[in-house]
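Commentary on secondary and tertiary structure
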Amino acid sequence: MVVAGLWAILTSVDAVRGTGSWAYCAVALALLTIGLTMRVVGIRRRARTRL
């Protein structure tokens with residue numbers, strides 16, 4: 001998760017500067033979004049099973 005976050009930040013900065021590719025930025029943000037979504041879903045499912 002941390003690696004995806006750092007990758008998203010670095011590729012965003014590079015894309016804004018014009019040195020990086022927007023495709024890498026989009027992939028990094030997509031992977032970060034998927035990872036965060038899966039983490040939230042997992043936490044909610046664990047909370048339901050404990051009740």
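Each remark here, short or long, concerns the structure printed above.
Scope of this entry: the structure provided in the associated data block. All values derive from a computational prediction rather than experimental measurement.

The rules behind each value
Residues numbered from 1 in each chain as written. Predicted model: local features only at pLDDT ≥ 70, side-chain atom pairs only at ≥ 80, totals over all residues. Heavy atoms only, no water. Helix = DSSP H or I, 4+ residues; strand = E, 2+ residues; numbered from the N terminus. Expected span 1.5 Å × (residues − 1). Buried < 20%, exposed > 50% of the residue type's maximum accessible area, 1.4 Å probe, protein only. Arc of directions from axis to C-beta. Contact = heavy atoms within 4.5 Å. Axes fitted to C-alpha atoms, helices over the stretch in contact; angles between N-to-C directions. Parallel < 35°, antiparallel > 145°, perpendicular 65-115°, else oblique. Left-handed = near helix turned anticlockwise from the far one by under 90°. Nonpolar A, V, L, I, M, F, W, Y, C, P; charged D, E, K, R; others polar.

Taking 1.5 Å of rise per residue, the 16 residues of helix 1 (residues 2-17) would be expected to cover 22 Å, and the 23 Å separating its terminal C-alpha atoms lies within 8% of that figure. Taken as a whole, helix 1 has its buried residues at A4, G5, A8, T11 and A15. All buried residues of helix 1 fall inside an arc of 140 degrees around its axis, so they share one side. Away from the buried face of helix 1 by more than 90 degrees, exposed residues V2, V3, I9, L10 and R17 are located. Elements in contact with the buried residues of helix 1: helix 2 (22-50). Positioned one or two residues after helix 1, G18 has a phi angle of 95 degrees, which is positive.

Attention now moves to the packing of helix 1 against helix 2. In the contact formed by helix 1 and helix 2, the axes pass within 8 Å of each other and the chain directions differ by 155 degrees. Here helix 2 runs roughly antiparallel to helix 1, going by the angle between their axes. The crossing of helix 1 and helix 2 is left-handed. Where helix 1 approaches helix 2, its residues A4, G5, W7, A8, T11, S12, A15 and V16 are matched on the opposing element by W22, Y24, C25, V27, A28, L29, L31 and L32. Grouping the constituent residues of the contact of helix 1 with helix 2 by class yields 13 nonpolar, three polar and no charged.

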